[in-house]
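# Residue-level structure breakdown
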Amino acid sequence: MSAPQRPTPAATARLKTGGDCLRFANRLFKSAGIAHGQGFVNAEEESLTLLGHATGLAWEKLPSCFKRALTAKEKASFLSLVERRVFDRVPTGYLVGEAWLGGLRFRIDERVIIPRSYFVELIPEAIPQWLPPVAQVTDVADICTGSGCLAILLAKRFPKAHVHATDLSAEALEVAALNVADHKLAKRVTLHETDTMTALLKGPKFDLILSNPPYEPEGIYRRLPAEFKKEPKGSLVSGKDGLDVIRKLLAQARETLKPHGILVIEVGGLQKAMHLAWPKLPIMWLPTADGADCVCLIHASDLRRELPSPGARRGR
Ligand SMILES: C[S@@+](CC[C@H](N)C(=O)[O-])C[C@H]1O[C@@H](n2cnc3c(N)ncnc32)[C@H](O)[C@@H]1O
């Protein structure tokens, strides 16, 4: 695709209403071939979100500006956001500084990946059905927490649980701390700067360990669209085959799950690679609405049986 042309002053001078601006942005987004998938499914969702930010109108009030003339400030702000989206390939989530997941608002910026996990579908019903009654779930871990979005959804779904959330990135944890405070969960969500679960090995045992880790193989990362490369590389890539963090996680979950506990991991396109890496381990795939089915569930008892104990790994 050829490089998109910057709009001329004459073309933007003709834009008056919110509706004019939306149509203009949608045409430009489509002709420029911007990539979606960072919390939005199409050009229309992205342009509406930017218009909401430029006008200060909530999503449900946006139609009120479709037929009225935008103020000069609103229009200038909207056009500047659209230009940054198209010509600098800044993702919409970073332009507006927030993302919504499971009906909750999270602050985000370039220190964290933009929330879009399949776990939003699975935390309400599919995962609890593999656990004791919700009131008896007391210890939960969210490994690779990023903005803290999944740790917060977990704390809300399991109101008696303490959630331990980890990330290797101190910068990501700064954002997670803001979100934990916004949702008034500082007493029930503890953040740890650590590799995978290392800081949790001597702590409580968990009913549930959940993780949306980085899982892209290096080669796939290199071919991602420009807007995905605005996200921290460490939130997407995990070694040559994508399995580096997942390997550590399986070994550490083996040591930290309660006997009835479960490990759930989002693995992107690595379903086949998981079965090849652990051919004897029972790995169950949880169905998701779009058929991606890329979240797996593994029981503590199966990890104990099929993975070597740490002593055996050291040759004892
Ligand atoms: C795919 S993002 C997921 C963030 C968040 N859970 C979500 O769903 O939006 C992966 C996160 O893992 C973190 N990470 C990468 N390697 C890690 C490691 N070895 N140990 C802990 N966290 C790691 C990254 O910093 C990033 O925040």
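Remember, it's a predicted structure, so these values are computed and weren't measured experimentally.

Reading the values: the criteria
- Counting starts from 1 at the beginning of each chain's written sequence and moves along it residue by residue.
- Thresholds applied to this predicted model are a pLDDT of at least 70 for local features of residues and 80 or more for the giving and counting of side-chain atom pairs; totals over whole chains, interfaces and linings are not thresholded and use all residues.
- Note that the side-chain values use all heavy atoms of the structure and ignore hydrogens as well as water.
- Whether a residue is near a molecule or strand is decided by its heavy atoms; if any one of them lies within 4 Å of it, the residue is near.
- Polar contacts, as counted here, are pairs of nitrogen or oxygen atoms within 3.5 Å of one another; within protein the pair requires one atom able to donate a hydrogen and one able to accept it, and residues that are adjacent in sequence qualify only if both atoms are side-chain atoms.
- Surface accessibility follows the Shrake-Rupley procedure with a 1.4 Å probe radius. Residue values consider only the protein chains on display as shielding.
- Think of it as three bins: nonpolar holds Ala, Val, Leu, Ile, Met, Phe, Trp, Tyr, Cys and Pro, charged holds Asp, Glu, Lys and Arg, and polar takes everything else, Gly as well.
- The split of the chain into domains comes from an automatic or database domain assignment.
- It only takes one pair of heavy atoms within 4.5 Å for two residues to be counted as in contact.
- Accessible-area loss on putting two parts together, using a 1.4 Å probe and summing over both, is the definition of buried area adopted here.
- Any Lys or Arg side-chain nitrogen found within 4 Å of a carboxyl oxygen on Asp or Glu counts as a salt bridge.
- Orientation is described by lines fitted to C-alpha atoms, with helices fitted over the stretch in contact, and by angles between N-to-C directions that extend from 0 to 180 degrees.
- Each helix is a run of H or I in the DSSP string that is no shorter than four residues. Each strand is a run of E no shorter than two, and both are numbered from the N terminus.
- Any angle between 65 and 115 degrees counts as roughly perpendicular, while under 35 counts as roughly parallel, over 145 as roughly antiparallel, and the rest as oblique.

Residues in contact with the ligand amount to 20 residues; listed here are only the nearest, Cys144, Asp167, Asp195, Thr196 and Asn212. Backbone polar atom of Cys144 to a nitrogen atom of the ligand: 2.9 Å apart, as the coordinates give it. In the environment of the ligand, a nitrogen atom lies 3.1 Å from a nitrogen or oxygen atom belonging to the backbone of Leu168. The protein chains hide 94% of the 600 Å² of surface that the ligand would expose on its own. Looking at the shell around the ligand, its residues break down into 9 nonpolar, 9 polar and 2 charged.

Take the domain arrangement of the protein next. One widely used convention gives an interface's size as the accessible area the parts lose upon coming together. Segmentation of the protein into domains returns domain 1 (9-96) and domain 2 (111-313). For domain 1 versus domain 2, the separation of C-alpha centres amounts to 34 Å. Contacts between domain 1 and domain 2 engage 13 residues on the former and 12 residues on the latter. With both sides pooled, the region where domain 1 packs onto domain 2 buries about 900 Å², and carbon together with sulfur makes up 61% of that total. Summed over the three residues of domain 1 that lose the most area to domain 2, namely Gln38, Arg89 and Tyr94, the buried surface amounts to 60% of that side. For Arg89, the salt bridge is made with Glu227, and the minimal N-O distance between the two is 3.5 Å. Summed over the shared surface of domain 1 and domain 2, the result is 8 residue pairs in polar contact (both at pLDDT 80 or more).

Further remarks concern the packing of helix H2 (residues 18-32) against helix H4 (residues 72-87). Between H2 and H4, the shortest axis-to-axis distance is 10 Å and the interhelical angle comes to 10 degrees. Put simply, H2 runs roughly parallel to H4. From H2, Cys21, Leu22, Phe24, Ala25, Leu28, Phe29 and Ala32 reach across to H4, where they touch Lys75, Phe78, Leu79, Val82, Arg85 and Val86. Partitioning the contact of H2 with H4 into residue classes produces 11 nonpolar, no polar and 2 charged.

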